[in-house]
Structure formats: C-alpha cells, structure tokens
Amino acid sequence: MVEFPPPVRRITPNGSPNVVDPADRQGMPEPIARATRPSYGPERLRIDGVSIHYAGTERPAVNAVTLPVRQGEVLALIGPSGCGKTTLLRSLNRLVELTPGASRQGRILLDGEDVDHLEITRLRRRVSMIFQQPNPFPMSIFDNVAYAIREQAMRRPGKAALMPRVETALRRAGLWDEVADDLGRPALRLSGGQQQRLCIARALAVEPDVLLMDEPCSALDPISTGVVEELIHELRENLAIVIVTHNLAQARRVGDHVAFMYLGDLVEYAPTEELFTRPRADRTREYVQGSFG
Amino acid sequence: MSTAPTTGGPRATPPGRRQRLLGELRLWRPLDLLGVVAAWTVGALLLLVAASLLLYMGIKGLQYVSLDLLITRPQPGADQSETGGILDPILGTLMIIAIATAIALPLAVGAALWIVEYSRPRWLARVVESGIEVIAGAPSIAIAIFGLAIFQLPIFSWASFSAADGGGVFGRSFIAAGSVMSLIALPSIFATTREALQSVPRHVREASYGLGKTKWATIRRVLLPTVKPDIATGTALGMGRIAGDTAIIVLLLGATLQLQAGSGIPGVGTLQGTGSTLTSYVYNNSPTGEGNAPEKAYAAAFVLMLLIIGLNLLVAGIGRRRAGTDLPR
Ligand SMILES: Nc1ncnc2c1ncn2[C@@H]1O[C@H](COP(=O)(O)OP(=O)(O)OP(=O)(O)O)[C@@H](O)[C@H]1O
Ligand SMILES: [Mg+2]
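Residues numbered from 1 in each chain as written. Chains lettered and ligands numbered in written order. Predicted model: local features only at pLDDT ≥ 70, side-chain atom pairs only at ≥ 80, totals over all residues. Heavy atoms only, no water.

## A look at the overall build of chain B
Turning to step 1, where the next piece is worked out: Looking only at helices and strands, chain B has 13 helices and zero strands in total.
Turning to step 2, where the next piece is worked out: The helix and strand sequence of chain B, counted from the amino end, reads α-α-α-α-α-α-α-α-α-α-α-α-α.
Turning to step 3, where the next piece is worked out: Each of the 329 residues in chain B was classed as buried or not, and the buried ones make up 39%.
Turning to step 4, where the next piece is worked out: At a minimum sequence separation of 6, the contacts of chain B that also span at least 24 residues come to 67%.
Turning to step 5, where the next piece is worked out: Surface accessibility of chain B: about 17,800 Å² in total, with carbon and sulfur atoms responsible for 68%. (Helix = DSSP H or I, 4+ residues; strand = E, 2+ residues; numbered from the N terminus. Buried < 20%, exposed > 50% of the residue type's maximum accessible area, 1.4 Å probe, protein only. Contact = heavy atoms within 4.5 Å. Areas by Shrake-Rupley, 256 points an atom, 1.4 Å probe, with all protein chains shown as cover.)

So this is what it looks like as structure tokens:
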C-alpha cells in the first residue's frame, strides 16, 4: 500500500540536484536553481484506484493506482517500458477511451469532480496533453496554435483577434523569438525541438489546469531538452504537471514527486530526493540504481 | 568481349562496368536470368507500343488539328470539308467531367471519411466498401445499360426529354450521362482518400482530440486539409477516366453531334439535352464506325489524349508539390 507523505518543501542549497551522471549533463544548461521553488498548492487531480484493461490481455495495463497531483508541483512517472505509464497518463484526459476495447475502473477527480461527469471536450481543454513524438498539424505555425484556441463556434474569430493569445502561448513555450518573423511557415518545417515546443504552445493555448507530458524530450537533443525542462520549471507555478520519463536524471531534475511503476502496479511514490536516495522498495532501488529496466 | 583478367590492360582501373555486370550475372541462377530477360523484353515492347501510339496520334493529330477546328461547331455533312469543328464535343466532355465530378467527389470523400473515421455499423461499412469495389471492377458498358434503365423510369422524366405524347422517357441527357459517369470516378477518389486517411498517423488525431476538439472539428480542420492533395490526385485520375469513357456516353448521352437543349429553360435545358463528347465524336467519325470524317476523328482523338495527358501531369504535379509539406509517417 502506498501512503502519501504530506507535501514537503525541499530546500537544497543552491538547488543543484546531487549525483547526476556527468555524461547526462553534457550540453545541458546548468541545473535550474530551486531556491525560489513555490510551495505546493491544492490538489488538482486525484487518481483514485484506477485500473485499465486492454481487450485480449489477461493482466491490467494499470492496476489500482492511486496518486495525487497538486498545483505547483511536477509529478514524474518512471518505470520500465510497458509498465503502463502512457496508459495511465492517457486515462487522465480520457484519451484511452479512443482505443477500442480499453476499459477503466476507478475514479479520476479533477478539482473534486469526477472526470466521467465532465463534458469530454471541456475536460480535455482543462487537462491538456503533450505526446512523445512532436505532432504538429500540417498547417502553419500560427494555425497550429489558433486551432487550439478556436472554440467550436459558427463564427470563427479572425487572425487579428487571435494574435495576442497565439503570441502569449508561443512566448510561454519559449518559441516566439524563433518564429515571430514568419508565423505562416508550415509547422512541419520546424526542427524537432521547435516542433515539440510548438506542441507545448498549443497545449498551453487552451489554458489548461493540468499538463500531461509523455516523454516530451525523448525525441529531442540535449539543448532542446534543457529548454523544455526550464519551461516545466516555470510552468508548474500555475499548473499541475504530470511527466512520464525514461530518463532518471530528468525525473530527478524536474520532478517534485516521483511515482515508480512496475508491470501496472504503483510500487512507490515519494518526494524526488527521497525516492532516489532512500527508496523503500527493493524494486525501486534496483531500478533507480540502474540494475534493470 | 574479353575474358582476360581485369588486372593490367589500358582500361583496367576501375574494373569495367561491363566486367562487373558479367561477374554479377554469373552469380545468378538460370531462372532469375530468364526472369530478367523476360522483364526487359516485355518492358521494351510496351515502350515501343506506347511510343508508336503517341507518334501515330501525334502525327495524325497535328496534321489535322487547327484553332479553327477547335472553335467551330460540328455540322452534319456528307463530305469532310462540310462537317465543321469539334467545339461541341469539347464542351460536352468538359460538361460531363464537371457534372460527374461534382457528384462523385462529395460522395467518395464522404464514404471514405465514414469508413475510416466512423466505420459504424461495421457490417454496413463492409457492404459499402465491397459495393465500391464492385463498381470499380464493373465494365462501363454494364454500368451504362443499368443507368439507362434507371433514367428511363418515369420518375426521372425531368432529367431528359419525353416523347411529346407523354409516352416513354428518352433517358439520355447530360444529367443522365454525368450522373452515371460519376460511378466511373468514384472508386479512384474513394480509394486515394481512404488510403490517405488511413496513413494519417494516430497521434495526429489524438493531438486534436487532446485539445478538446470534436470528431467533426478534427475531420474538417485537420484531416481534410491533410489529405487534400490525395483527394486532388484521385479526382484528377477519375477525371481522366471520365474523359476517356465511351460506353456510357454512347448509351446515355445519345449521338447528336451538336449540343441540343432538352427544354426551353436556359442552362438547365442544355443539361437535360443531348450532345456529344470527344470519345463519342471519335467513335462516330472513325473509319470503322459510320465515319465520314476520319481526319477529324484523329484530331479529336489527339485533343482527347492531350486532355488526359494533361490530367495525368496534374496528378504528377500534385504529387511533387506535396513532398516537403508531408506528414512524418
Ligand atoms: N492499444 C493497446 N492494446 C493492447 N495493449 C496495449 C495497448 N497499448 C498498450 N498496451 C499494453 O499495455 C501495457 C502498458 O503500455 P504503456 O504504453 O502504457 O507502457 P509504457 O509504460 O508507456 O511503456 P513505454 O515506456 O515503453 O512507453 C503494455 O503491456 C502494452 O503492451
Ligand atoms: Mg509510453
């Protein structure tokens, strides 16, 4: 059984996470100072005994997972390949329902409200998702962001009316300076890192309460990864963030709490440093020390 | 051909291409060798046929084509010099293409969207898919006969003209031929659209749904713009097939050389009326038909070929344009 320790405010002198593999840091910006770290806000999302089955498989892909996600914190999900991280993440905005034969048990509460009772388009605007592969739409940079903003109304706001919000979103994603001179460029001509930041801008443009990120840096180079990580640090003050990552050093850098999953089970949930330095479960220790996975 | 070792000799470096090829050939099994020879022979023969067709049509066509021919109306006449030009058949072909495409395009795209994006109920989707396959495989003369039977039904009397005494419905008109002709274009538009939709990666759809977009918004704003080049390709291919079909024209448009309005209503009357297309013009004037104007038949066939080649170039152009703006697949 996993218990949830009360939110702790970690004070790390000058904020540098200890023991990071130097090879992992190559080309990365300096670790972001954590001295000004905000205190955790209220719980935004609660995952309550969630299990997910895919048709034709015996074992549940996610097995009775319970986790809180708070405002102002980053929750990092780690675990070996196939342990159900993506599945769990996709259930939070009910994307998992798009997979034929997938079923979910348990409850997911967004600000205390069962997500099953929310209108699905509304839910997905409040719980926005960034995917492992950058997936901009085959349209211009501007249209990618504008598409996210436009409501499904008969009267569509014009370009000028949308511009301020598009700019804000692109600025928040740290992409504005690179693309401002030509927003009409096809998004698919951007580099992979720029595309991913465009996807982040798109996800932010809907002004979500929760941001889900599924290995957002796995297709990116170290520089772009650094940019995205810095962004995550800035964003968490206003949002609750859940990030899936295979990169333990990254989980350590960006996560405030870390949840370790194995074969669909939640094995351990703890504040980041605690999980990495004093893991309680044997499996967690083996995993974070790199002996499997 | 020399069997001497490749070392030394004036052209020894690098080892001659011919030598390399021969060396490679020696490694092949006899059956492979036979296959390669057969493939080359067939390829060369086909090329020869295509080249001579183009050459023949080109020579004959260029000989008889003139601007005058293109812009004068055809006239009945016993002598070639009196038979006028091919303006009406050209207009007829364009009209048939326009009518058939206007019908086939929304139907085919709608069907493809439904099959790929909704596909429910399953059995109906399967029925529709095999139905379109059957249409694609059916000879156009069979489709034409069926179409004629339909358009001669009294409820379709508005689509063509009826005998003055209120008797039988003629069943032949631009509306009738164009509608039935849409079946010729539908399968290719459907197939290219369906394949393009199927190859849009799942994550593109999920990105849209993940932003709280409905299925319809996703289709309209993301999927349709993405597959637009493929729809255009399928449509241009379909237009080529329409332009080249004869059976449906002969049975459903009739064989009047000139456009002949079916009623007094301007515009609509022409659609209700009959006329000819380039294919029926060639058929009716060719030396093997009742032809009394073989030179004009050649000219018309040449114009038709140019039209179809033009449509094919359009397809190639669309294909080239989409490289670069393509999705990562
Ligand atoms: N569409 C599907 N249909 C059936 N089974 C699936 C489907 N998607 C995932 N699974 C199964 O569910 C389990 C969890 O998959 P999931 O993608 O959530 O793992 P993951 O932790 O994200 O792995 P990775 O780190 O490799 O991305 C796996 O065993 C996988 O085979
Ligand atoms: Mg995954």
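Structure shown, so let's carry the discussion forward.
## Brief notes about the interface of chain A and chain B
Turning to step 1, where the next piece is worked out: Facing the 25 residues of chain A at the interface are 21 residues of chain B.
Turning to step 2, where the next piece is worked out: Both faces considered, chain A and chain B share a buried interface measuring about 2,000 Å² in area, 61% of it formed by carbon and sulfur atoms.
Turning to step 3, where the next piece is worked out: The salt bridge partner of Glu206(B) is Arg90(A), with a shortest N-O separation of 2.7 Å.
Turning to step 4, where the next piece is worked out: One can count six residue pairs in polar contact (both at pLDDT 80 or more) joining chain A with chain B.
Turning to step 5, where the next piece is worked out: Contributing elements (two or more residues each) for the side of chain A that touches chain B: α3 (120-126), β6 (127-130), α4 (141-149) and α7 (192-205) of chain A.
Turning to step 6, where the next piece is worked out: Residue classes in the side of chain A that touches chain B are distributed as 13 nonpolar, five polar and seven charged. (Buried area = accessible area lost by both parts, 1.4 Å probe. Salt bridge = Lys/Arg side-chain N within 4 Å of Asp/Glu carboxyl O. Polar contact = N/O pair within 3.5 Å; in protein donor to acceptor, adjacent residues only side chain to side chain. Nonpolar A, V, L, I, M, F, W, Y, C, P; charged D, E, K, R; others polar.)

## Things to note about the packing of helix α4 (residues 87-118) of chain B against helix α5 (residues 122-137) of chain B
Residues and elements named next belong to chain B.
Turning to step 1, where the next piece is worked out: Put simply, α4 and α5 touch, their axes get as near as 10 Å, and they point 140° apart. The angle between α4 and α5 places the two elements in the oblique class. Crossing angle aside, the handedness with which α4 passes α5 is left-handed. Mapping the contact onto sequence places Ala 111, Trp 114 and Ile 115 in α4 and Leu 124, Ala 125, Val 128, Glu 129 and Ile 132 in α5.
Turning to step 2, where the next piece is worked out: Of the residues in the contact of α4 with α5, the class split is seven nonpolar, no polar and one charged. (Axes fitted to C-alpha atoms, helices over the stretch in contact; angles between N-to-C directions. Parallel < 35°, antiparallel > 145°, perpendicular 65-115°, else oblique. Left-handed = near helix turned anticlockwise from the far one by under 90°.)

## As for the packing of helix α6 (residues 140-151) of chain B against helix α7 (residues 174-198) of chain B
Residue and element names in this part refer to chain B.
Turning to step 1, where the next piece is worked out: Running from N to C, α6 and α7 point in directions that differ by 140°, and their axes come no closer than 10 Å. In terms of their interaxial angle, α6 and α7 are classed as oblique. The chirality of how α6 crosses α7 is right-handed. Side by side, α6 and α7 meet where Ser 140, Ile 143, Gly 147 and Phe 151 of the first sit next to Ile 175, Ala 176, Ser 179, Val 180, Leu 183 and Ile 184 of the second.
Turning to step 2, where the next piece is worked out: Of the residues in the contact of α6 with α7, the class split is seven nonpolar, three polar and no charged.

## Notes on the site of ligand 1
All names here are of chain A.
Turning to step 1, where the next piece is worked out: Neighbouring ligand 1 are the residues Tyr 54, Ala 61, Ser 81, Gly 82, Cys 83, Gly 84, Lys 85, Thr 86, Thr 87, Thr 99, Glu 215 and His 246.
Turning to step 2, where the next piece is worked out: Interatomic distance of 2.8 Å between a backbone N/O atom of Gly 82 and an oxygen atom of ligand 1.
Turning to step 3, where the next piece is worked out: Contact distances for ligand 1 include 2.6 Å between an oxygen atom and a side-chain N or O atom of Thr 86.
Turning to step 4, where the next piece is worked out: The fraction of the free accessible surface of ligand 1 (630 Å²) that becomes covered by protein chains is 62%.
Turning to step 5, where the next piece is worked out: In the shell around ligand 1, the residues fall into three nonpolar, seven polar and two charged. (Near = heavy atom within 4 Å.)

## Description of the pattern of salt bridges
Residue and element names in this part refer to chain A.
Turning to step 1, where the next piece is worked out: Tallying each qualifying case throughout the model produces 24 salt bridges over all chains.
Turning to step 2, where the next piece is worked out: A salt bridge links Arg 94 to Glu 97; the shortest N-O distance between them is 2.6 Å.
Turning to step 3, where the next piece is worked out: Taking the relative accessible area as the measure of exposure, Glu 97 reaches 40% and is therefore partly exposed.

## A word on the confidence of the model for chain B
Residue and element names in this part refer to chain B.
Turning to step 1, where the next piece is worked out: Residues at a pLDDT of 70 or more form 88% of chain B, whose mean pLDDT is 84.
Turning to step 2, where the next piece is worked out: Mean pLDDT across the elements of chain B bottoms out in helix α1 (residues 17-27) (76) and peaks in α7 (95).
Turning to step 3, where the next piece is worked out: Predicted confidence for residues 1-12 stays below pLDDT 50, and this span has seven contacts to residues more than four positions away or in other chains.
Turning to step 4, where the next piece is worked out: This model gives residues 323-329 a pLDDT under 50, and the stretch forms 15 contacts once residues within four places in sequence are excluded.
Turning to step 5, where the next piece is worked out: For this predicted complex, the interface confidence reaches an ipTM of 0.80, while the overall pTM sits at 0.77. (pLDDT = per-residue confidence, 0-100.)

## Notes on α4(B)
Residues and elements named next belong to chain B.
Turning to step 1, where the next piece is worked out: Between its first and last C-alpha, α4 extends 45 Å over 32 residues, near the 46 Å set by a 1.5 Å rise per residue.
Turning to step 2, where the next piece is worked out: The sharpest bend along α4 reaches about 25° and sits at Thr 101.
Turning to step 3, where the next piece is worked out: Looking at the residues trailing α4, positive phi occurs at Ser 119, about 55°. (Expected span 1.5 Å × (residues − 1). Bend = angle between axes of the 7 residues up to and from the residue.)

## As for the pairing of strand β9 (residues 257-262) of chain A
Residues and elements named next belong to chain A.
Turning to step 1, where the next piece is worked out: The element β9 is extensively covered by neighbouring structure, given that five of its six residues are classed as buried.
Turning to step 2, where the next piece is worked out: Where β9 lies against strand β10 (residues 265-271), six bridges are found, and the strand directions are antiparallel. For Phe 260, the partnering residue across the bridge sits in β10 and is Glu 268.
Turning to step 3, where the next piece is worked out: Counting the residues that bridge the hairpin from β9 to β10 gives two residues, and of these Leu 263 lies at a positive phi of roughly 50°. (Pairing = 2+ DSSP bridges.)

## Digging into the pairing of β6(A)
Residues and elements named next belong to chain A.
Turning to step 1, where the next piece is worked out: Here β6 shows a buried face lined by Val 127 and Met 129 and a second buried face lined by Ser 128 and Ile 130.
Turning to step 2, where the next piece is worked out: Pairing analysis gives four bridges linking β6 to strand β7 (residues 210-214), with the strands arranged parallel. Following the sheet pairing, Ser 128 is matched in β7 by Leu 211.

## Notes on the packing of aromatic side chains
Turning to step 1, where the next piece is worked out: One pass over the full model with this rule turns up five aromatic pairs over all chains.
Turning to step 2, where the next piece is worked out: Ring plane angle 80° and centroid distance 5.1 Å describe the contact between Phe137(A) and Tyr147(A), whose orientation is recorded as edge-to-face. With Phe137(A) in the loop between β6 and α4 and Tyr147(A) in helix α4, this pair connects stretches of sequence that are 10 residues apart. The same class applies to Phe137(A) and to Tyr147(A), which are both buried.
Turning to step 3, where the next piece is worked out: Summarising the aromatic geometry, the rings of Phe156(B) and Trp158(B) are spaced 6.0 Å apart at their centres and angled 50° between planes, so their arrangement reads as tilted.
Turning to step 4, where the next piece is worked out: Through a chain of ring-to-ring contacts, three or more aromatic side chains come together here, namely Phe151(B), Phe156(B) and Trp158(B).
Turning to step 5, where the next piece is worked out: Against the face of Phe142(A) rests Lys159(A), its NZ or CZ located 4.5 Å from the ring centre.
Turning to step 6, where the next piece is worked out: Between Lys213(B) and the ring centre of Tyr147(A), over which it is positioned, the NZ or CZ distance is 4.7 Å. (Phe/Tyr/Trp six-rings, centres within 6.5 Å; stacked < 30°, edge-to-face > 60°. Lys NZ or Arg CZ within 6 Å of the ring centre and 35° of its normal.)

## With respect to the environment of Glu43(A)
All names here are of chain A.
Turning to step 1, where the next piece is worked out: Secondary-structure assignment places Glu 43 in strand β1 (residues 43-53).
Turning to step 2, where the next piece is worked out: Using a relative accessible area of 35% as the deciding quantity, one classes Glu 43 as partly exposed.
Turning to step 3, where the next piece is worked out: In this structure, Glu 43 is in contact with Pro 68, Val 69, Arg 70 and Asp 111, ignoring residues within four places of it in sequence.
Turning to step 4, where the next piece is worked out: Among the polar contacts listed, one links the side chain of Glu 43 to the side chain of Arg 46, at a separation of 3.0 Å.

## Here we look at the environment of Ala148(A)
Turning to step 1, where the next piece is worked out: Tracing the sequence through the fold places Ala148(A) in helix α4.
Turning to step 2, where the next piece is worked out: Residues Ala148(A) and Leu204(A), spaced 56 residues apart in sequence, show a C-alpha to C-alpha distance of 9.0 Å.
Turning to step 3, where the next piece is worked out: Ignoring any residue separated from it by four or fewer positions in sequence, one finds Ala148(A) in contact with Arg125(A), Arg202(A), Ala205(A), Val206(A), Leu211(B) and Lys213(B).

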